[in-house]
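Examination of the molecular architecture
Listed here are the chains, written in short residue letters.
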Amino acid sequence: MHDESPSQGAGRVLHVCYCCANPDAVLPGFLDVFELRVAMRTSPEPASGSILGMEHEIIAPTSFLYDQRGPRVGTALELQEWISPSVVGRPFDDPTHVGMQSLGMGVADVVETARRLVELGWSVVGSDDGALFGAPSAVVRDPVGGTVDVVEAINRKGRSRFQHVRVTCSDIDVALSWYQRLGFALVAPPTVVTARDVFGAALLANCVVARLRLPEASFELVLVEWTSPRGHGSPYAEANHAGLYRVALRVTDIRECLAELAAAGVVAERGPTLVALPGTPVPDLWVAFVHDPDGVPFELVQRPREAFETDIFSG
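Everything numeric in this text was worked out from a predicted model, so none of it was measured.

1. Points about the side chain of Ser63
Within the secondary structure, Ser63 sits in strand E5 (residues 62–66). For Ser63, the side chain forms a polar contact with the side chain of Arg41, separated by 3.2 Å. Here Ser63 is in contact with Val38, Met40, Arg41, Leu77, Glu78 and Leu79, once residues within four sequence places are set aside.

2. Regarding the packing of aromatic side chains
Applying the stated criterion across every chain, the model contains eight aromatic pairs. With a centroid separation of 4.9 Å and an interplanar angle of 85 degrees, the aromatic rings of Trp178 and Tyr179 are classed as edge-to-face. Look at Tyr179 and Phe298: their rings are 5.4 Å apart centre to centre, the planes differ by 75 degrees, and that puts the pair in the edge-to-face class. With Tyr179 in helix H3 (residues 172–182) and Phe298 in strand E18 (residues 297–302), this residue pair connects regions lying 119 residues apart in the sequence.

3. Focus on the sheet that holds strand E10 (residues 147–152)
Read from one edge of the open sheet, eight strands run E8-E9-E10-E7-E11-E14-E13-E12, paired in mixed fashion. Both edges of this open sheet fall to strand E8 (123–128) and strand E12 (185–196), since each of them pairs with a single strand only. Taken over all neighbouring pairs, the strand axes of this sheet differ in orientation by 25 degrees on average, direction set aside. With five bridges connecting them, E8 and strand E9 (residues 137–141) associate as antiparallel partners. Note on E9: the bridge partner recorded for Ser123 is Arg141. Packed on one face of the sheet, helix H2 (residues 110–119) meets strand E7 (99–107), E8, E9 and E10 and runs near 150 degrees to E10.

4. Observations regarding unusual backbone geometry
Leave glycine aside and you will find that most residues have negative phi; peptide bonds, for their part, are mostly trans. Pro229 follows Ser228 through a cis peptide bond whose omega is 0 degrees. With respect to the element layout, Pro229 can be found in the loop between strand E14 (220–228) and strand E15 (243–251).

5. Here's the deal with the pairing of strand E13 (residues 204–213)
Summarising the sheet, E12 and E13 pair through nine bridges and their orientation is antiparallel. Paired with Val192 across the two strands is Val208, which belongs to E13. Two elements, E13 and E14, share eight bridges in a ladder whose sense is antiparallel. Across the sheet, Cys207 pairs through a bridge with Trp226, a residue of E14. The turn joining E13 and E14, which pair antiparallel and follow one another in sequence, is formed by six residues.

6. Describing the pattern of salt bridges
Tallied over the entire structure, the rule returns 14 salt bridges. In this structure, Glu220 and Arg211 form a salt bridge, with 2.8 Å as the shortest nitrogen-oxygen distance. Using a relative accessible area of 9% as the deciding quantity, one classes Glu220 as buried. Here Glu216 and Arg305 are joined by a salt bridge, their closest N and O atoms 3.6 Å apart. In this pair, Glu216 is assigned in the loop between E13 and E14 and Arg305 in the segment after E18, connecting sequence segments 89 residues apart.

7. Regarding the side chain of Asp67
Among the secondary structure elements, Asp67 is positioned in the loop between E5 and strand E6 (76–81). The exposure class assigned to Asp67 is buried, which follows from its relative accessible area of 0%. A distance of 2.8 Å separates a polar atom in the side chain of Asp67 from a polar atom in the side chain of Arg69. Among the polar contacts listed, one links the side chain of Asp67 to the backbone nitrogen of Phe162, at a separation of 3.0 Å. Excluding anything up to four places from it in sequence, Asp67 contacts Leu36, Arg37, Ser160, Arg161 and Phe162.

8. Considering the environment of Leu36
Counting through the fold element by element, Leu36 comes out in the loop between helix H1 (23–33) and strand E2 (37–41). Since its relative accessible area comes to 4%, Leu36 is described here as buried. Along the sequence, Leu36 and Pro85 sit 49 residues apart, while their C-alpha atoms lie 28 Å from each other. Beyond its immediate chain neighbours, meaning those up to four positions away, Leu36 contacts Phe30, Leu31, Leu65, Tyr66, Asp67, Met105 and Phe162.

9. A look at the nonpolar core
Nonpolar side chains in soluble globular proteins generally cluster together in the buried interior. Core analysis: the largest hydrophobic core is formed by 57 residues, its most contacted members being Phe30, Phe34, Tyr179, Leu223, Leu249 and Leu300. Among all residues touching Phe34, those that are not within four sequence positions of it are Gly29, Met105, Val107, Thr113, Leu117, Trp122, Val148, Val150 and Ser160. Ranked by size, the runner-up nonpolar core spans 27 residues in total, among them Met54, Val282, Phe289 and Ala307.

What counts as what
- Residues numbered from 1 in each chain as written.
- Predicted model: local features only at pLDDT ≥ 70, side-chain atom pairs only at ≥ 80, totals over all residues.
- Heavy atoms only, no water.
- Helix = DSSP H or I, 4+ residues; strand = E, 2+ residues; numbered from the N terminus.
- Polar contact = N/O pair within 3.5 Å; in protein donor to acceptor, adjacent residues only side chain to side chain.
- Contact = heavy atoms within 4.5 Å.
- Phe/Tyr/Trp six-rings, centres within 6.5 Å; stacked < 30°, edge-to-face > 60°.
- Pairing = 2+ DSSP bridges.
- Axes fitted to C-alpha atoms, helices over the stretch in contact; angles between N-to-C directions.
- Salt bridge = Lys/Arg side-chain N within 4 Å of Asp/Glu carboxyl O.
- Buried < 20%, exposed > 50% of the residue type's maximum accessible area, 1.4 Å probe, protein only.
- Core = buried A, V, L, I, M, F, W, Y, C linked by side-chain atoms within 4.5 Å.

Structure, rendered in structure tokens:
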């Protein structure tokens with residue numbers, strides 16, 4: 001397994017993209033129950049879709065939602081409303097399907113949070129007593145099918161915060177090697193989990209779970225390889241597919257990062273390309289895309305480390 005991250009590797013998760021046909025259906029849960037706030041929105045102007053692999057202009061206004069720590073510290077949920085082209089498909093409802101499965105939220109009280117979400121039209125589809133994330137959790141689904149892992153998080157000062165993104169992979173050893181090349185480090189050794197109703201799967205499930213983290217922040221990547229039943233399928237092919245599509249990572253110098261990654265066998269699919277965020281205070285950004293061994297897209301974004309404050313891992 002590759003043990004050394006590149007010196008120009010990723011530093012933190014900037015945001016997780018959630019493509020949604022009807023943001024108004026999911027916003028009450030994120031804003032009122034998880035206490036997120038919209039820090040900025042892009043304007044609904046036509047823009048080139050080339051960086052997303054599209055050969056035409058797109059209209060996809062985006063809201064960036066942050067927890068109480070704010071944009072300089074925390075990760076964001078990039079809630080993207082596709083107008084042209086429209087959203088296709090539905091989010092994954094089978095946790096054994098390979099791809100980006102779920103956003104994780106840390107909360108003070110899992111039961112109370114789930115109760116409030118149900119009142120807003122969400123549903124509870126699974127639960128766990130602590131084997132998965134080290135604390136009791138529930139798997140909930142929003143009104144348009146997106147999945148959230150709600151985890152009881154201690155030392156969070158009673159406020160909700162972004163905790164992780166969960167990805168189903170086909171081979172965890174291969175995946176771990178790739179993610180470590182990108183800059184991720186293991187939080188703990190991979191764990192074999194056997195549980196009923198795990199991740200919302202109504203069956204006796206066996207899987208291997210690994211938790212990883214980048215050096216600058218506490219937000220985690222949770223990798224899951226299903227062994228019984230076996231994982232199957234592939235990630236969404238279309239950038240406008242409903243559900244979680246991509247994760248953006250901060251890098252200091254995108255060309256140096258891509259050169260190091262290429263030397264380690266990780267080749268960019270697209271970019272670097274200069275991308276604007278119209279309607280926001282963020283300057284134009286150099287962006288490139290790489291894909292993990294199963295095809296899950298990761299967006300490398302050139303941002304200086306000085307633009308962010310240190311994440312308090314235990315706060």
